[in-house]
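Each chain is listed here by its residues.
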Protein chains: 2
Amino acid sequence: MPRAATTSDAFNAVAEPRRREILNFLALQERPVGDIVDSLNLEQPSVSKHLRVLRQTGLVNVRRDGRRMLYRTNAEAIRPLYEWTSTFERFWRHQLSRIKKRAEAKEDDGPESDPIYKGE
Amino acid sequence: MPRAATTSDAFNAVAEPRRREILNFLALQERPVGDIVDSLNLEQPSVSKHLRVLRQTGLVNVRRDGRRMLYRTNAEAIRPLYEWTSTFERFWRHQLSRIKKRAEAKEDDGPESDPIYKGE
DNA sequence: ATAATACATTCCCATATAGGAATACGTCAA
DNA sequence: TTGACGTATTCCTATATGGGAATGTATTAT
């Protein structure tokens, strides 16, 4: 089974950085596609394709205005993400003190070099 | 360009539902791989592969205990996700009142049927 | 040593991109 | 009507899966 479709849910949809930028941009007020193209320096077809994914996952709303399409972020659809991540809030508060001790001693960079096995 | 690697960042890593379940399971206390296999009803190789992605993105920490590997969620790595979603919190609070009016009237289901063009 | 246990990795494959280029569609202006 | 404008879609392609099956590796037990 391949990776789930980007349209399967908000989690998959926002995994793409450009789509997050678009959502940021459209949060304050509705905007036509052309504004997104100009502001984010993306090709128009690319923006339209991202918007399609965002539409299908309910992350944006659209409205026609003459020949323009006005998009706007639907914050409500981001809520599930917020709520899932919130459940971990208490953990990072707890871990901070413990982790810092080791971090200051080891001064490691990056998450993991992935050396589980010693063998080559 | 294909989709970004699941290991490119936390956003991509948690897009997979099973990985979120694993993170939930490992949040309270460290657990050996076998426990995850049993609890989530997944194949062992599958779990190991998901854990690899989670390790590479820093979402879990590992520690060897004899022949077992003890994994635990590193909540700190989930923080960027929490913070990004938090920036939308004020928007859904605002939108709630406005949206509800329409929702109660239209009683629409699903996000979008995607009928932008009328032509066939 | 040898076997058993607990994990990790590799191989194979169907599927879903994301970007680039080209093109189709819907609406308004002249 | 015809043309221009603003968007959306299609076609093409390289790439990254995620699951299943088989196998490799590290560690402890006998």
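Quick note: structure is the one above.
Let me sum up the structure you'll find in this document. (Residues numbered from 1 in each chain as written. Chains lettered and ligands numbered in written order. Predicted model: local features only at pLDDT ≥ 70, side-chain atom pairs only at ≥ 80, totals over all residues. Heavy atoms only, no water.)

A word on the protein's contact with DNA strand D. Close contacts around DNA strand D come from 35 residues, with M1, Q44, S48 and Y71 of chain A together with R18 of chain B the closest. Near-protein atoms of DNA strand D (within 4 Å) split between backbone and bases, with sugar and phosphate holding 66%. A distance of 2.6 Å is found between a base nitrogen of DNA strand D and a side-chain nitrogen or oxygen belonging to Q44 of chain A. Within the side chain of Y71 of chain A, a nitrogen or oxygen atom sits 2.5 Å from a phosphate oxygen of DNA strand D. When contributions to the surface near DNA strand D are tallied by element, the ones reaching two or more residues are α3 (33-40), α4 (44-56) and β3 (68-73) of chain A together with α2 (17-25) and α4 (44-56) of chain B. Tallying contributions element by element places α4 of chain A first for the surface near DNA strand D, with 6 residues. Grouping the amino acids of the surface near DNA strand D by side-chain chemistry returns 12 nonpolar, 8 polar and 15 charged. (Near = heavy atom within 4 Å. Polar contact = N/O pair within 3.5 Å; in protein donor to acceptor, adjacent residues only side chain to side chain. Helix = DSSP H or I, 4+ residues; strand = E, 2+ residues; numbered from the N terminus. Nonpolar A, V, L, I, M, F, W, Y, C, P; charged D, E, K, R; others polar.)

The subject of this paragraph is the side chain of T85 of chain A. With respect to the helices, strands and loops of the structure, T85 of chain A is situated in helix α5 (residues 79-86). Judged by its relative accessible area of 0%, T85 of chain A is buried. Not counting chain neighbours up to four residues away, the residues in contact with T85 of chain A comprise W92 of chain A together with I78, L81, Y82 and T85 of chain B. (Buried < 20%, exposed > 50% of the residue type's maximum accessible area, 1.4 Å probe, protein only. Contact = heavy atoms within 4.5 Å.)

Take the protein's contact with DNA strand C next. In the region of DNA strand C, 35 residues are neighbours, and R18 of chain A together with M1, Q44, S48 and Y71 of chain B sit closest. Each atom of DNA strand C within 4 Å of the protein was classed as base or backbone; sugar and phosphate made up 66%. With respect to DNA strand C, the side chain of R67 of chain B contributes an N or O atom lying 2.9 Å from a sugar or linking oxygen. In the environment of DNA strand C, a phosphate oxygen lies 2.5 Å from a nitrogen or oxygen atom belonging to the side chain of Y71 of chain B. For the surface near DNA strand C, the secondary structure elements donating two or more residues are α2 (17-25) and α4 of chain A together with α3 (33-40), α4 and β3 (68-73) of chain B. The leading source of residues in the surface near DNA strand C is α4 of chain B, at 6 residues.

Let us now look at unusual backbone geometry. All names here are of chain A. For N41, which is not glycine, the phi dihedral falls at a positive 55°. Position of N41 among the secondary structure elements: in the loop between α3 and α4. By relative accessible area, N41 is classed as exposed at 69%.

This part takes up the sheet that holds strand β1 (residues 31-32) of chain A. Backbone-to-backbone hydrogen bonds pair the strands of a sheet. The strands run either parallel or antiparallel. Residue and element names in this part refer to chain A. What the 3 strands build is an open sheet, ordered β1-β3-β2; its pairing is antiparallel. The open sheet terminates on both sides in strands that have one partner only, identified here as β1 and β2 (60-65). Note that β2 and β3 share 6 bridges and pair antiparallel. From the neighbouring strand, N61 faces β3, where its bridge partner is R72. (Pairing = 2+ DSSP bridges.)

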